[in-house]
Amino acid sequence: MLLYIAIFIVTLISYLATYKNDEQSRRWIIGMMVFLALFVGLADMLGGYDRYIYGVLFDSLCFIDEPHKAYMPPLAIYDYYGSEFGYCALNFVITFVTHNRYIFIFIVTVIIYALICRSLMRYTGNYPFAVMVFMGLWFFFTFTYLRQVLAASIGWMAFEYAARRKPWHFFAIVLLAFSFHNSALVLLPMYFVPIKKFNSSSVIVILIGCALVGATNIAGMAFSGYGEVSGDIIRAEGYVEQAEEGAIRFEYVLEAVVFLTFIFLRYDDIDEGDELQVTMSNAAIIFCAMLLLFLRSENGGRISWFYMIGIISTITYLATNRRDFSMYNLALVGLFFGLFMRILLQWDYMLYPYKTFFTDGFRETDRIYQIYEYDHRYDEDKFYK
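Just so we're clear, the structure is a prediction, and the values are computed from it rather than from any experiment. (Residues numbered from 1 in each chain as written. Predicted model: local features only at pLDDT ≥ 70, side-chain atom pairs only at ≥ 80, totals over all residues. Heavy atoms only, no water.)

Trainee: How would you summarise the overall build of the protein chain if you had to cite specific residues and measurements?
Mentor: Each helix and strand counted, the protein chain has 19 helices and zero strands in total. Relative to its length of 385 residues, the protein chain is compact, with a C-alpha radius of gyration of 21 Å against a globular reference of 21 Å. Burial status across the protein chain gives 58% buried among its 385 residues. The long-range share in the protein chain, meaning contacts at least 24 apart out of those at least 6 apart in sequence, stands at 78%. When the accessible surface of the protein chain is split by element, carbon and sulfur atoms take 65% of a total near 15500 Å². Charge separation in the protein chain, taken as the distance between the mean sites of 28 positive and 35 negative side-chain charges, equals 6 Å. (Helix = DSSP H or I, 4+ residues; strand = E, 2+ residues; numbered from the N terminus. Rg over C-alpha atoms; globule rule 2.2 N^0.38 Å. Buried < 20%, exposed > 50% of the residue type's maximum accessible area, 1.4 Å probe, protein only. Contact = heavy atoms within 4.5 Å. Areas by Shrake-Rupley, 256 points an atom, 1.4 Å probe, with all protein chains shown as cover. Lys, Arg positive; Asp, Glu negative; His and termini not counted. Charge placed at Lys NZ, Arg CZ, Asp CG, Glu CD.)

Trainee: Describe unusual backbone geometry, and please don't skip the residues or the numbers.
Mentor: A cis geometry characterises the amide bond from Tyr 352 onward to Pro 353, with omega recorded as 5 degrees. Position of Pro 353 relative to the elements: it lies in the loop between α17 (327-347) and α18 (367-372). Backbone geometry places Arg 165, a non-glycine residue, at a positive phi of 55 degrees. In this fold, Arg 165 is placed in the loop between α9 (159-163) and α10 (167-178). For Arg 165, a relative accessible area of 32% translates into the label partly exposed. At Arg 323, a residue that is not glycine, the phi angle is positive and equals roughly 55 degrees.

Trainee: Describe the packing of aromatic side chains, listing the residues and the values that go with them.
Mentor: On inspection of all chains with the given rule, the structure shows 48 aromatic pairs. Plain terms: the ring middles of Phe 58 and Phe 104 are 4.3 Å apart, the flat faces sit at 10 degrees to each other, and that makes the pair stacked. With a gap of 46 residues between them, Phe 58 in helix α3 (residues 50-62) and Phe 104 in helix α6 (residues 101-123) connect regions that are remote in the sequence. Neither Phe 58 nor Phe 104 differs from the other in exposure class; each is buried. (Phe/Tyr/Trp six-rings, centres within 6.5 Å; stacked < 30°, edge-to-face > 60°.)

Trainee: Describe the packing of helix α8 (residues 146-155) against α10, and please don't skip the residues or the numbers.
Mentor: It is the contact of α8 with α10, at a shortest axis distance of 8 Å, that shows an interaxial angle of 175 degrees. With respect to α10, the element α8 is oriented roughly antiparallel. Here Ala 151, Ile 154 and Gly 155 of α8 lie close against α10, whose contacting residues are Ile 173, Leu 176 and Ala 177. Residue composition of the contact of α8 with α10, grouped by class: five nonpolar, one polar and no charged. (Axes fitted to C-alpha atoms, helices over the stretch in contact; angles between N-to-C directions. Parallel < 35°, antiparallel > 145°, perpendicular 65-115°, else oblique. Nonpolar A, V, L, I, M, F, W, Y, C, P; charged D, E, K, R; others polar.)

Trainee: Explain a negative patch on the surface to me, and be specific about the residues and the numbers.
Mentor: On the surface, Asp 271, Glu 272, Asp 274 and Glu 275 cluster together to form a negatively charged patch. Mapped onto the fold, Glu 272 is located in the loop between α13 (250-265) and α14 (275-293). Residue classification places Glu 272 among the exposed positions, given a relative accessible area of 59%. (Patch = residues over 30% accessible without salt bridge, like charges linked within 9 Å, V, L, I, M, F, W, Y side chains within 5 Å. Salt bridge = Lys/Arg side-chain N within 4 Å of Asp/Glu carboxyl O.)

Trainee: Give a detailed account of α13, specifying residues and quantitative values.
Mentor: For α13, built from 16 residues, the straight-helix expectation of 22 Å at 1.5 Å per residue is met to within 8% by its first-to-last C-alpha distance of 23 Å. Within α13, burial applies to Tyr 252, Ala 256, Phe 259, Leu 260, Phe 262 and Ile 263. For α13, the angular spread of the buried residues around the axis is 160 degrees, confining them to a single face. For α13, the exposed residues set more than 90 degrees away from the buried face come down to Phe 250, Leu 254 and Leu 265. Each element contacted by the buried residues of α13 is listed here: α7 (127-137), α11 (200-216), α14, α15 (300-303), α16 (308-320) and α17. (Expected span 1.5 Å × (residues − 1). Arc of directions from axis to C-beta.)

Trainee: With reference to specific residues and values, describe the packing of helix α1 (residues 2-18) against α17.
Mentor: Following both chains from N to C, one finds α1 and α17 inclined at 165 degrees, their axes separated by 11 Å at the closest point. On the basis of the axis angle, α1 is roughly antiparallel to α17. Once α1 is placed against α17, the crossing between them reads as right-handed. Contacts from Tyr 4, Ile 5, Phe 8, Leu 12 and Tyr 15 of α1 reach α17 at Asn 329, Val 333, Phe 336, Phe 337, Phe 340, Met 341 and Leu 344. In the contact of α1 with α17, the residues fall into 11 nonpolar, one polar and no charged. (Left-handed = near helix turned anticlockwise from the far one by under 90°.)

Trainee: Tell me about the pattern of salt bridges, and please be specific about residues and values.
Mentor: According to the stated counting rule, one finds 12 salt bridges in the structure shown. One salt bridge in this structure joins Arg 101 and Glu 373, with 2.9 Å as the shortest N-O distance. Taken together, the residues span a long stretch of sequence, with Arg 101 in helix α6 and Glu 373 in the loop between α18 and α19 (377-380) at a distance of 272 residues. Each member of the pair, Arg 101 as well as Glu 373, is classed as buried. A single network of salt bridges, built from pairs that share partners, joins Arg 118, Arg 122, Glu 160 and Arg 164.

Trainee: So what about empty space enclosed by the protein? Which residues, and what values?
Mentor: Applying the stated criterion to the full structure yields one cavity of 30 Å³ or more. Reported here for the largest cavity is a volume of approximately 70 Å³. Lining of the largest cavity is provided by 13 residues; of these, Asp 44, Met 45, Tyr 52, Phe 362 and Tyr 369 occupy positions nearest its centre. In the lining of the largest cavity, the residues fall into five nonpolar, no polar and eight charged. (1 Å grid on protein atoms, 1.4 Å probe; cavity = no way out; pocket = protein on both sides within 12 Å on 5 of 7 lines; lining within 4 Å. Points joined across faces, edges and corners; volume = space filled by probe spheres on them.)

Trainee: Would you mind going over the nonpolar core in detail, with residue names and values included?
Mentor: Core analysis: the largest hydrophobic core is formed by 143 residues, its most contacted members being Tyr 4, Trp 138, Phe 139 and Tyr 307. Tallying contributions element by element places α14 first for this core, with 13 residues. Sequence-distant contacts of Tyr 307, defined by excluding residues within four places in its chain, comprise Phe 159, Val 186, Leu 187, Pro 189, Met 190, Ala 283, Ile 286, Phe 287 and Met 290. (Core = buried A, V, L, I, M, F, W, Y, C linked by side-chain atoms within 4.5 Å.)

Trainee: Explain the side chain of Thr 279 to me, using residue names and the numbers behind them.
Mentor: By the element assignment, Thr 279 lies in helix α14. You can call Thr 279 buried: its relative accessible area is 2%. Dropping the residues within four chain positions of it, Thr 279 is found in contact with Phe 159, Ala 162, Ala 163, Met 190 and Ile 195.

Keep in mind that these numbers describe shape and distance, not what the molecule does.
Next comes the structure, spelled out in structure tokens:
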């Protein structure tokens, strides 16, 4: 656990050392993203069940010529993710590089962090603070929800084209994201949101309306087919997001209210003439709206990920554009550290003790391994293929 906390503290120290600077170090953000990509990508099946389903479906492509060695029928990936043709294609391409599930996961993770790095550099000004927000909101999910995280990371590239009103670029990127996870459809309305700074009272009225709609679970039922895996596969227990479908997720309401409060406390700082920043602030508001629209859906939090870059960009801007360290900044540091610790403590054995796949064997405390490990040859030799 201390290893994870140390990474957050290093990020915080980097922010405290640079918050007065007008120019941020591109080397720092690239170096930090490379480190996090290695840290996550080299982990030995940490994060829970999802790595196993991605691994076994990748194997279904690798063993086309040797079906007796497969743990699922050859090409089973197309049965589960047939409509996510981009994800299937990526799996197929990677089979030409490796047949090893660990290398597969590592490659996908590196792609994810390269995309995240691009978005942080494009949409934020203070890189250490942006990384701190990222770590509080999304870092741990990059261990396990590879497919939807990859789709969201692709989708984030579309926001600059919404701001610049370049429809072909925007919709092409959304289509690409859709090909990795069909829930990327939620990005489509972003292009039609006016590039204007909305009145705070109007935003509140709209969000109340979203909460009322969310209470009916209409949005949740509409997107019920866009879960992480096929319905006949049961996800392991223990994820923060997991709850009884249809139950009101009060944490979604709390999260939306807290973020909206921090945004409105400094809403006047957002320059109406800065089209990109206005677009990102609107995306942050839509992120809150998504949480409220899906407040009775198990998948609601993950669907809102496609707009999370709006929160990262807007909160970072509002906290750092004045080049000071106030109670506002301190409260945000506390908030994101609290969110970081919440998941770290709740996921428990799915994250620590940390282990890479450079050492053979497995973690004795990992109950997910005990239930879902499908190829025990990896226990003896992580690189047997």
